Amino acid sequence: MGGTWYWNRYPEARFDSESYTYGYLFSKELFDDWEWQEHFAGQPEIERYLNHVVDRFDLRRHIQTGARVTSAVWDESSATWTTRAADGTEVRSQYLIAATGVLSLPFFPNVPGRETFKGESYHTGLWPSTPVDFTGKRVAVIGTGSSGVQLIPAIADDVASLTVYQRTPNWCTPLNNRPITPEEQADLRANFESIRHTLNTSQGGFLHTPHDRTAFDDSKEQRWAFFEKMWNSPGFSKLSSNYTDMMTNVAANEEWCEFMAEKIRGIVKDPETAEKLIPDHRYAQKRPPFVTGYYETFNNPKVSIVELKKTPIVQVTETGIETTAGLQEFDMIVWATGFDFGTGTLLRMGIRGKGGLPLREYWADGPITYLGLQCRNFPNFFFPGGPHGAAGNNPRYGGDQVEFITNAIVYVRDHGHDTIEVREAAEAEWNDMVNTTAAMSPFSEISYFYGTNIPGKPVRFLLNPAGRPKLLEMMAEVVANDYRAMELSRSSERATSTA
Ligand code: NAP
C-alpha cells in the first residue's frame, strides 16, 4: 500500500508539505485518530498512515497489488473498458480510473554500461523493502533533485566514501522539521474545520499565510531580515509566504538567490565546494527541494562532488563510473535521477479509446486534457493526479479532482446515462489555457515539469499553470451547467443511432 510512498523508501524520504495538510481530509474521524509525529513525516510513518487508512475504511479487500496493467481497451458497443494485467487478471468495467500519479515511473538515464555494474545498484524511486547497508561502502549518488538531497545527508556518516554526481545544483533551503507538540496536536484537532476550509480554498493547498508586500516595498535591510525569516520557515513557505512578486520580479528573485548563496558559502567550509553547490538559475525555475543538513554534509571529508557539466559520465563499468576525468570505483550506485513526470505511466499501460485509438497516439505531441483528468476519445476514463492538474500540494488538487469525478459518475448514473466524454470545445479551452498561461508559471523549460529530463519527450508544460482556484472555478462551472462541457449518452441511444 502507499504507491509513491511505498516505492520511495530510501533513507530520509519524507514529506516536504506539512503532514496534516498532505493527509486525507474527507473524514474528521480519520484526522482525529491519526496523530502525525512530525510536521514533515518520514516515509515509515507515511506508509503506516496509508495502511491505517486502508484498514480503517476496509479497503484492502478491493485492492489487488502486484498487478501491472498491460492494456486497457474501450469497447464502444458495450460501453465498457477491459483492463488486463501482466498476472493474467482481466476486468471489465464501466469506468477506468488511472490514479497512477505524476511521479511514478522512475527514470534511468541511458548511460552506456549501466547494467554491467557488478556492485549494488538502486533507484530512489524503486527502493527495496529489505534493508540496504551502507556501512563502510564506497557509494555514488547520481542526481541532486529532491530525492538525492534528502538521501545524501542521511547516509554520509555510514559510508566509507560518498561521491555526489551533480549535473545541476538546486536551491535547497531548510525543511525546518520538528516534532508536533501536544499543544499543536490539540490545536489541530480543535481547528479541523477551519484548517480544512483553508486547505480547500488556498492557492497551493497549504496553511502558510501569504505575504502582503512586494520585495521592493521594503528596504534592503528589511528584505534580508525577511529572507532570514523565510530561511527559518517551514518547507514550502519559501514559495507560498515569500514576497508576492518573488516569482515574477527577476530582481527580487535574484536577490533572494544572492541571500541563499551567502547561506551556502556560510555553511560549506571549502569555498570551491560551496561554489559548486550554488545554482545559476533563478529560484523555482526548477522545483526547489527542502533539506535537513544537506550543505553541512559537504564538510564531511568523506563526501565529494563531481560536476557532470565539466566532466560528463562516459560509461558505467563493472566496477564504477567513468567520467571524462577518469574511472572511480564503487561498491554501490544510487540513481536519484527522477521520473518521467505526468504522462510516463499513463502512456505505458496500453490504453486504447474509441476506434482503438492509442493514448500514446492522441498524446504524441504532449498531453491533451480537460481539467487534467479526462480527454476526448477516451469515454469514462479519468486520471486524477495526472498531467495538467498539478498546482501545489499534490493531494489537495488530486482530492478536488477525485470529488469532481465521483460527482460526475453519480450524475451520469442518476440521469440514466452510461458514458461521459469531454466535448471538443471544452477540451480545447482547457488546453489553450494551459499552453497560453504556462509562461506565468515560475518553472522554466529546465524543469522536468516540461518533460525536458526525458530524451525525446515533447517539451510541453505538464502542470496547471492557472493554479488551483482556476481548476476549482472551472469544475464548479461544469456542475452548475449540468455537465454541458461533457457529452453524456445512453447505450440504448447509441444502438438506435447506429442502426
Ligand atoms: P528530479 O528532481 O528530477 O532530480 C533528478 C536528478 O537527477 C537531477 O539532479 C538531474 O539533473 C539528475 N539527472 C537526471 N538525468 C541525469 C543524467 N543523465 N546524468 C546525470 N544526472 C542526471 O527527481 P527527484 O529528485 O526524484 O525528485 C522528483 C520530484 O519528486 C521532486 O521534484 C518532488 O516533486 C518529488 N519528491 C518529493 C520529495 C519530498 O520531499 N516530499 C522528495 C523526493 C522527491 P538535472 O537537474 O541536471 O536534470
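Shown above is the structure to which this text applies.
Remember, predicted model here, so these are calculated numbers, not experimental data. (Residues numbered from 1 in each chain as written. Predicted model: local features only at pLDDT ≥ 70, side-chain atom pairs only at ≥ 80, totals over all residues. Heavy atoms only, no water.)

Right, let's talk about the sheet that holds strand β15 (residues 351-352) for a bit. As summarised here, the arrangement of the four strands in space is β3-β2-β1-β15, forming an open sheet in which the pairing is mixed. In this open sheet, the two edge strands, each paired with only one partner strand, are β3 (90-93) and β15. Strand direction decides the pairing type here: strand β1 (residues 69-75) and strand β2 (residues 80-85), joined by six bridges, are antiparallel. Within β2, the position partnered with D75 by the bridge is T80. (Pairing = 2+ DSSP bridges. Helix = DSSP H or I, 4+ residues; strand = E, 2+ residues; numbered from the N terminus.)

With that settled, consider empty space enclosed by the protein. Going through the model one piece at a time under the given rule, you end up with two cavities of 30 Å³ or more. If you add up the space inside the largest cavity, you get close to 80 Å³. Every residue lining the largest cavity is listed: S19, Y20, G23, Y24, L30, F31, W34, W36, Y49, L188 and R189. For the lining of the largest cavity, the elements supplying multiple residues, two or more each, are α2 (19-22), α3 (28-33) and α6 (182-190). Each residue belonging to the lining of the largest cavity can be placed in one class, and the counts come to eight nonpolar, two polar and one charged. A volume near 30 Å³ is recorded for the second largest cavity. If you go around the second largest cavity, the residues you meet are T144, V149, Q166, P169, N170, C172, L277, Y294 and Y295. Of the residues assigned to the lining of the second largest cavity, the class counts are six nonpolar, three polar and no charged. (1 Å grid on protein atoms, 1.4 Å probe; cavity = no way out; pocket = protein on both sides within 12 Å on 5 of 7 lines; lining within 4 Å. Points joined across faces, edges and corners; volume = space filled by probe spheres on them. Nonpolar A, V, L, I, M, F, W, Y, C, P; charged D, E, K, R; others polar.)

What follows concerns the site of the ligand. Around the ligand, 25 residues are found, and the nearest of them are T144, S147, R167, T168 and Y448. Within the backbone of T144, an N or O atom sits 2.8 Å from an oxygen atom of the ligand. Note that an oxygen atom of the ligand is positioned 3.4 Å from one of the backbone N or O atoms of G145. Protein coverage of the free-state accessible area of the ligand, which is 910 Å², stands at 87%. It is helix α5 (residues 146-155) that provides the largest number of residues to the shell around the ligand, a total of three residues. Considering only residue class, the shell around the ligand consists of 11 nonpolar, nine polar and five charged. (Near = heavy atom within 4 Å. Polar contact = N/O pair within 3.5 Å; in protein donor to acceptor, adjacent residues only side chain to side chain. Areas by Shrake-Rupley, 256 points an atom, 1.4 Å probe, with all protein chains shown as cover.)

Burial within α5 is extensive, with eight of its 10 residues counted as buried. The set of residues buried in α5 consists of S147, G148, V149, Q150, L151, I152, P153 and I155. (Buried < 20%, exposed > 50% of the residue type's maximum accessible area, 1.4 Å probe, protein only.)

Attention now goes to the pattern of salt bridges. One pass over the structure, following the stated rule, counts 29 salt bridges. A salt bridge links R178 to E184; the shortest N-O distance between them is 2.7 Å. The class for R178 is partly exposed, based on a relative accessible area of 39%. Among the salt bridges present, the one from R265 reaches E275, with a minimum N-O distance of 2.7 Å. With R265 in helix α10 (residues 250-267) and E275 in helix α11 (residues 271-277), this pair connects stretches of sequence that are 10 residues apart. (Salt bridge = Lys/Arg side-chain N within 4 Å of Asp/Glu carboxyl O.)

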